[in-house]
Amino acid sequence: MEWWISFLFCFTAMEWVAWFLHKYVMHGFLWSLHEDHHVPPKDRKIQKNDSFALFFAVPSFFAILFGTIYQIDYLQGAGYGVTAYGLVYFIIHEVVIHRRWKFFNMSGPYIEAIRLAHHHHHQVQGKYGSFNFGMLLPPFVYFRLPPDELKRMQRDRIH
Ligand SMILES: [Zn+2]
Ligand SMILES: [Zn+2]
């Protein structure tokens, strides 16, 4: 298999994996690690939540390593696909949305849609009742309606 096929497949699949992990694991039995992302600590910059990066960094490191050693193109592609998604996730989530590091910023209709969708995720501070668990593919409604309308809609959903 060509390396770029597994690269694209893994990059795309990671959005689903990230959604699943966020919804069922981070807001599930590993909430203790995710909690300080919803209620950020004031005394330290690094969050326990950041450790989730290792869930993907370790397997993709080994995929790239063994893919290179044994010249398995699709394994390398898979490792780079997961790594690329992780980089994009970091830039969008930590830099652009939360501004934890202000290296640069981005704007535009797509960025505003995912920014608003994720801010709505953070409107619910606790483990339960949140929504918008994905990152790069927000519900399509965020692309269709003006921001004020969306804000009101989402407020109405929270009781
Ligand atoms: Zn969350
Ligand atoms: Zn967040």
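Computed from a predicted model, the values in this text were never measured in an experiment. (Residues numbered from 1 in each chain as written. Chains lettered and ligands numbered in written order. Predicted model: local features only at pLDDT ≥ 70, side-chain atom pairs only at ≥ 80, totals over all residues. Heavy atoms only, no water.)

Novice: For this particular structure, what's the right way to read the UniProt feature "domain: Fatty acid hydroxylase" (unreviewed entry) in the protein?
Specialist: As recorded in UniProt, the sites labelled "domain: Fatty acid hydroxylase" (unreviewed entry) are residues 7–137. Structurally, residues 7–137 comprises 68% helix and 0% strand, and the distance from its first C-alpha atom to its last is 18 Å. (UniProt positions renumbered as here; feature names shortened; annotations may be inferred. Helix = DSSP H or I, 4+ residues; strand = E, 2+ residues; numbered from the N terminus.)

Novice: I'm lost on the UniProt feature "transmembrane region" (unreviewed entry) in the protein in this one. Help?
Specialist: The sites that UniProt annotates as "transmembrane region" (unreviewed entry) are residues 6–31, 52–72 and 78–97. With 86% helix and 0% strand, residues 52–72 has its two end C-alpha atoms placed 27 Å apart. This span, residues 78–97, is 100% helix and 0% strand, and a straight line between its end C-alpha atoms measures 27 Å.

Novice: How do you make sense of the coordination of the zinc ion (ligand 2) when you look at a structure like this?
Specialist: When four donors bind a metal tetrahedrally, each ideal donor-metal-donor angle is 109.5 degrees, and when six bind octahedrally, the ideal angles are 90 or 180 degrees. Coordination of the zinc ion (ligand 2) by the protein involves His37 (NE2), His93 (NE2), His98 (NE2), His118 (NE2) and His122 (NE2), with metal-donor separations of 2.0 to 2.2 Å. Of note, the zinc ion (ligand 2) draws all its donor residues from one chain, in the sequence arrangement H-x55-H-x4-H-x19-H-x3-H. Linking His37 in helix α2 (residues 31–38) with His93 in helix α4 (residues 73–97), this pair joins segments that are 56 residues apart in sequence. (Donors = N, O, S within 2.8 Å, 3.2 Å for Na, K, Ca; no water.)

Novice: What is the right way to read the packing of helix α1 (residues 3–29) against α4 from this model?
Specialist: Helix packing for two helices is described by the angle between their axes and how far apart those axes are. Where α1 meets α4, the axes come as close as 7 Å, and the angle between the chain directions of the two elements is 40°. With respect to α4, the element α1 is oriented oblique. Here α1 and α4 pass one another in a crossing that is right-handed. Contacts between α1 and α4 involve Trp3, Ser6, Phe7, Cys10, Phe11, Met14, Glu15 and Ala18 from the first element and Asp73, Tyr74, Gly77, Ala78, Tyr80, Gly81, Val82, Ala84, Tyr85, Val88 and Tyr89 from the second. (Axes fitted to C-alpha atoms, helices over the stretch in contact; angles between N-to-C directions. Parallel < 35°, antiparallel > 145°, perpendicular 65-115°, else oblique. Left-handed = near helix turned anticlockwise from the far one by under 90°. Contact = heavy atoms within 4.5 Å.)

Novice: Hey, could you run me through the environment of Phe140 in this one?
Specialist: Structurally, Phe140 can be placed in the loop between α5 (109–123) and α6 (141–144). Classification of Phe140 by relative accessible area gives exposed; the value is 59%. C-alpha separation for the pair Phe140 and Ala18, spaced 122 residues apart in sequence, amounts to 18 Å. (Buried < 20%, exposed > 50% of the residue type's maximum accessible area, 1.4 Å probe, protein only.)

Novice: For this particular structure, what's the right way to read unusual backbone geometry?
Specialist: The phi angle of most residues is negative, glycine excepted, and most peptide bonds adopt the trans form. One non-glycine residue, Arg99, lies in positive phi territory at about 60°. Note on Arg99: relative accessible area 23%, which makes it partly exposed. The backbone of Asn132 sits at a positive phi, close to 55°, despite the residue not being glycine. Structurally, Asn132 is set in the loop between α5 and α6.

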